[in-house]
Each structure stands twice: as C-alpha cells, then as structure tokens.
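# Results of the structural survey
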Amino acid sequence: MEIRLIMITARSATFELNDGGTYETKEKYRMLLNEEECGTAETVITSLFNLKPDTEYVLGLKKEDGTEAGSLSFRTEEEFVTINVKELGAAGDGLSDDTGFIQAAIMACPPQSRVLIPKGKYKITSVFLKSGINLEIAGGAELLAETDRNRFARFPGRIESYDENDEFHLGTWEGNPLPMFAGIISGIGVSDVKLYGEGIVNGCSSEENWWHNPKVMRGAFRPRMLFLNKCKRIQVQGLTFFNSPAWVIHPFFSDDLLFANLKVRNPQKSPNTDGLDPESCKNVEITGVHFSLGDDCIAVKSGKVYMGRKYKTPSENIHVSHCLMENGHGAVTVGSEIGAGVRSMLVEKCRFSHTDRGLRIKTRRGRGEDSVLDEIVFRDIEMDHVMTPFAANAFYFCDPDGKTEYVQSREAFPVDEKTPALKHFRFENIRAVNCHVAAIFFEGLPEQKIEKIEMKNCFISFAEDAKKDVPIMSDGIEPCSKKGIHAVNVKRLILENVVIEGAVGEALELTGVEELIRN
C-alpha cells in the first residue's frame, strides 16, 4: 500500500493511506510509530498528533492479522517556542471572554513557533491569524463563539482608496461586496499559517440567534467560522467545525490552500451553512473531510456580477478527494455565484450519501461572459440515496430577478456580455444506488448550449420507494421520480457504458442535443 505524507507540522502529520478506499480505508489498520502502537487507521486521510518537534519517525501499518501493510519515514518540523494561551491569562472556563488572551498569544508568537490552545472551553468573538504561525487547538479544547452580533467587528464590503482609483474589499455576502461580521477565525492578507489540532470550533448558532431571519442583514451579514481573505499558503488540519452562523469555511481570493482530515457539521435544517466555499481561489486541495450539514457541502464560486466582472478571477485548480458528503443540498456544487468562472476542477474518490444532488451546476443568464465553466471532472465516486446524482441548471432562480422572463425563458436570447458558458464536463467510474428523483438532469441555455458532456462507466439505480421532487431549482420543472436521462441544449453528449436501472417511462429524453454518441 502506498503511504503519502499530506501535511507536516512540528507536532502533527497527516497521511494518505492509499489502499483503494474512498473515504474509509478498505481495511482497518494498526498504526505503529517507531514500532510502538499508536492507534488504528480507518480513513484514507489519517492524522497523528502529539508528536515532538524536529524528530525522525517511522509510521508502520499492520493489517488486523498482523501482516505488514506499509511504512513511511518522516521528520517533524523544527519549533522555536510554544506560547500557551493559559499562561497569558486565558481562563478556558467557557464563561470568561478569552478573545484578548488568545489574540495576544498570536500577535506575540515569533516565527517558526506555536500558539497552543490546550484543553478547556474558550469563549471568543473573532480571532485574527498572523503570517508565519502555527496555531494548535488541542484535543479537548473547544472555542465557543459569541452570538451577540454587537460584539463582532463589521467588515464593509467596499472601502474606496484615498485617490478614488481603487478599492479594498473586506466584507462579502453571496458573491457581492456587502457588509459582514468578522469571521470566528479570520485571516486577512496572511500567509504561511498552519491551523491544526484535534479540537473543536463551535459556532454556537441556533434559531434563537444567527439562524433567526437568516437572510435579513442586521448590522451586517452573518459571519463565517473560518474566513480567509487574500491569503496564501494556508493549511488546516484535523479540526471539527460545527453549528456555524453561515458558510463554515470561506476562502476568498486566496491561493495555495490545504484542508485535510476535517469534520464539518451543521444540522440538516440549518440555513445557508455550506461546508467549504472557495471563492475566486487558485490551487485548493480538499481531502479527507467529512461534511454533514444543511446546504451544499462544497460550493465553488467566483463572485456574482460586480466582483466577477471587475476582477475576473476564476476559481481554478480545485482538487477534492477522499471526502464524505452527507445530508446537504449538493455534494459538490459549482455556483451559483460564478461571475468569473471555474476552471480545472477534479473531484475523485469520494462518497456522497443522502444529499439532494451529487454534482450540482447552478448558473443563469446575467452571470456574464467571464462566467465560463470548463474542464470539470468527477471520477471514482460512490453515491447512495442521492436524489439526483447529476444536475446542471442554467436557469437557477436565485437573486431578486431570478423568476423574471429574462432568466427563466426557454426561448433563445441574443448571446452578449451577460451570457454564461458551460463547456466541458467529464464523469467516469461512478456508481450511484438508491437514487430517487432523476439519474441525470441537464438543462443548458438555448442560445449558449452546454458544449460537451462525457459520461463513461456510470451505473445508476433507483430506490424501490423513490421519493418525488424537483431535480433542479428553476421555473417550469415538475416534480418527478425515477426519471432517466433528461438533457436539454447540449451540443455533444457522449455516453459510454452508462447503465440506468429502474427508470420509469422513456429512459432518454433529449431536446436540442446536436450530437449523441452512445456505446
């Protein structure tokens, strides 16, 4: 078995145990560190904590019958000092406000050093990261977020420069430059940060506070749990995030990011609690994350209209692997705020369970000519009880004008600077069982059809007691159950070894498909 080092700090390490599993490994393994037992491994992305700095280790794996499964040598990073937040005055009692003490530790931390938040409960508002630090939230430590919005800093959406030629963006809400409260953990223009540990970040949200009238801006829009604005080389490992006020992890115009071996959890009915939403980001690795929440698990974005047109910064080179997505609206979503497009996205070796949709493309007229979605690949995916495994919707009825004739008309409009483009999508080696609504539901624009969809080695079957619902969110779409392939306005549709079992009625419904290749 191949063992690959994913992330290393002075105190922890994360590995990929590649035995052919998706989220879980195919077998359970005993782990030995320098020949001493140190626990078991059951997930492909696995972490070790409580290591010593600048130390040589050998990780060995054994199967349950005692046979060797693989090994890897590695060395932890050096560490100058550790600053323990309790030594600076943090109480960790869950009652006192520890924000200032934790912030003092971060600001005082020298390079190549660690800020340690040890076991305890720490009540905080917003904590701000600093470049070049390691911040460890240790096992048994829990950050408890304040819910009084009057105690949070308000980030304006746009701050005009002194010479009125430029602007600075702090706040953002659903793709627009709008006021927002500072994140529970915020990074603004920082680089080379490692945020890790076995601890918990608890947003403490409920219908009594942040989730009450969630779409209404009261002072500012709801904060994210982890907000990264114009950051570079940020690595996040091991932590659990739950009960978020809004989107959980939101990287914004940030590059070279790693999110590994995390747990992201919100109640199924919590509003707009997307798990991880990279927006206008480049080179993002998301691996070994367990999502269970009330909205899209991963949603890749690039601004709505203003930000997309002004900055023309797509999200690109996004890699998602070995993740488990549960209970969300979409397992992996592209859009709907994609004014600058999404390019080169690979999702592989993941498991989707009880989500409304597997792949979910959301766009509409008005997103603009820079909104190009291209080279999006899904492969080696397992799905179970996903309502509609594949959905592409060019008539998504978001925004105040979402149900106007301009957005919802199925008649062809002129192609102009407001017309988005859906280009090349590829799906390979995907097995989806116990589906409910539709196997495949694609609707492109009549004036700008989806250019090419390739599907190879895909098996889809329906649950016996399949539920009835709408496969995509747009006007004129009737609820259905056990629908096969519905494709509208696709230039080239290539189906190779695509098997659908249990569809009711005509299995293949095509309108405006220029070329169908079926093997």
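My aim in this report is to walk through the structure given alongside it, one point at a time. Note that the structure is a prediction, hence the values are computed from the model and not measured.

So, about unusual backbone geometry. In this chain, Gly-335 is followed by Ser-336 through a cis amide linkage whose omega measures 5°. A positive phi angle, close to 55°, is found at Asn-243, a residue other than glycine. Secondary-structure assignment places Asn-243 in the loop between β24 (240–242) and β25 (249–252). Positive phi, close to 55°, is recorded for Asp-380, a residue that is not glycine. Turning to its location among the elements, Asp-380 is positioned in strand β36 (residues 372–384). Assessed through its relative accessible area of 29%, Asp-380 is described here as partly exposed.

What follows concerns the nonpolar core. In this structure, Phe-259, Phe-291, Phe-352 and Phe-427 are the most contacted members of the largest nonpolar core, which totals 100 residues. Counting residues per element, this core draws most heavily on strand β41 (residues 450–462), at six residues. Apart from residues lying up to four places away in sequence, Phe-352 is in contact with Met-325, Ala-331, Val-332, Val-347, Gly-358, Phe-378, Ile-381, Glu-382, Met-383, Asp-384 and Val-386. Among the nonpolar cores identified, the runner-up in size contains 16 residues, and Ile-3, Ile-8, Leu-59 and Phe-74 belong to it.

With that settled, the discussion passes to the sheet that holds strand β3 (residues 24–33). Strands sit in the order β4-β3-β6-β7 across an open sheet of four strands; the sheet is antiparallel. Of all the strands in the sheet, the pair left with one neighbour each is β4 (36–43) and β7 (68–75). The mean angle between the axes of side-by-side strands here comes to 25°, regardless of whether they run parallel or antiparallel. In the sheet, β3 pairs with strand β6 (residues 56–63) via five bridges, with the strands oriented antiparallel. Bridging across to β6, Arg-30 finds its partner in Lys-62.

A few words on the pairing of strand β14 (residues 141–145). For β14, the buried fraction is high: five of the five residues fall into the buried class. Here β14 shows a buried face lined by Ala-141, Leu-143 and Ala-145 and a second buried face lined by Glu-142 and Leu-144. Note that strand β11 (residues 120–124) and β14 share five bridges and pair parallel. If you follow Gly-120 over to β14, its bridge partner there is Ala-141. Where β14 lies against strand β21 (residues 200–202), three bridges are found, and the strand directions are parallel. Bridge pairing in β21 places Glu-142 opposite Ile-200.

What counts as what
Residues numbered from 1 in each chain as written. Predicted model: local features only at pLDDT ≥ 70, side-chain atom pairs only at ≥ 80, totals over all residues. Heavy atoms only, no water. Helix = DSSP H or I, 4+ residues; strand = E, 2+ residues; numbered from the N terminus. Buried < 20%, exposed > 50% of the residue type's maximum accessible area, 1.4 Å probe, protein only. Core = buried A, V, L, I, M, F, W, Y, C linked by side-chain atoms within 4.5 Å. Contact = heavy atoms within 4.5 Å. Pairing = 2+ DSSP bridges. Axes fitted to C-alpha atoms, helices over the stretch in contact; angles between N-to-C directions.

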